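Coordinates in review
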Amino acid sequence: MTVLLVTGTSTGVGKTVVTAGIAAAARAGGWTVAVCKPAQTGVGGDYPDEADIDVVHRLSGVRGVELARYPEPLAPDVAARRSGRPMLELAAVVDTVRTLDAAHDLVLVEGAGGVAVRLGTGGFTVLDIAGAVSAPIVVVAGAELGTLNHSALTTGAARAVGVDCAGLVIGSWPAEPSLAARVNRDELPLVTGVGLIARIPEGAGRLTAQAFEALAVGAFGEFTESLLGYPP
């Protein structure tokens, strides 16, 4: 049984689609998979966006568990204070992840924004969750200018607290990559010391479940096998 946290260099880099991709690849390989989204913001009320766990289910067929939801599209601790709803507790997240881990081959935990985003009480972050359950992270990065700096800062922050990084994923690879994107693809492993697992084509989140599974297996099949061993 394995836990993996999916985080990003910032918001909007494709964490949810990458989470769905890893989930779909593992499910296609015969493993049981669960997804946990500790804190969802920007959904409900005046914000009709699709929740991340619903995106993951639509693309991969894997159902998710959401522990807290706040309507405004802000950092979870800020959104909690502004909404008057209870803040998320680290202990509740850890208990949920451990319960899911006992019943599944793979548990994916999707963070919010980047590694310094405060998720709840005491300002805990995705790195605190990773440390508490002794799990590695996958970092989802952008392709364009700025990603080398953001990715180096993210992986450096993980190393500073003893959290392993299992790999990088470019969350949205453009159909016509710019010079910066092409160079960054090669430079990312050099500046971070972390291998590039996959590049997910832009628009992948709009694919049918069948087409997305084929994409996911191609992108993450070898990664899930290396993570979980040979199919059960």
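Residues numbered from 1 in each chain as written. Predicted model: local features only at pLDDT ≥ 70, side-chain atom pairs only at ≥ 80, totals over all residues. Heavy atoms only, no water.

The chain goes by ATP-dependent dethiobiotin synthetase BioD in an unreviewed UniProt entry, where it is assigned to Rhodococcus cerastii. Quoted verbatim from the Sequence similarities (unreviewed entry) field of UniProt, the annotation for the chain is "Belongs to the dethiobiotin synthetase family." (UniProt positions renumbered as here; feature names shortened; annotations may be inferred.)

**So, the nonpolar core**
Among the nonpolar cores identified, the biggest contains 37 residues, and Val-3, Leu-5, Val-97 and Ile-137 are the most heavily contacted of them. The residues touching Val-3, leaving out its near neighbours within four places in the chain, are Val-97, Asp-101, Val-107, Val-109, Val-133, Ala-135 and Pro-136. Grouped together as the second largest cluster of nonpolar side chains are 32 residues, Ala-25, Val-55, Ala-216 and Ala-219 included. (Core = buried A, V, L, I, M, F, W, Y, C linked by side-chain atoms within 4.5 Å. Buried < 20%, exposed > 50% of the residue type's maximum accessible area, 1.4 Å probe, protein only. Contact = heavy atoms within 4.5 Å.)

**Details of the UniProt feature "binding site: Mg(2+)" (unreviewed entry) in the chain**
The UniProt record annotates "binding site: Mg(2+)" (unreviewed entry) at Thr-16, Asp-52 and Glu-110. Annotated residues spanning 95 residues; largest pairwise C-alpha distance 8.8 Å, indicating a single compact cluster. Tracing the backbone through its elements, the reader meets Asp-52 in helix 2 (residues 52–60). Judged by relative accessible area, Asp-52 falls into the buried class, the value being 14%. When sequence neighbours within four positions are dropped, the list of residues in contact with Asp-52 reads Thr-16, Lys-37, Gln-40 and Glu-110. Looking at the element boundaries, Glu-110 is found in strand 6 (residues 106–114). With residues up to four places along the chain from it excluded, the contact list for Glu-110 reads Val-6, Lys-15, Thr-16, Thr-19, Cys-36, Lys-37, Pro-38 and Asp-52. (Helix = DSSP H or I, 4+ residues; strand = E, 2+ residues; numbered from the N terminus.)

**What to know about the side chain of Thr-7**
Along the chain, the position of Thr-7 falls in strand 1 (residues 2–8). The class for Thr-7 is buried, based on a relative accessible area of 0%.

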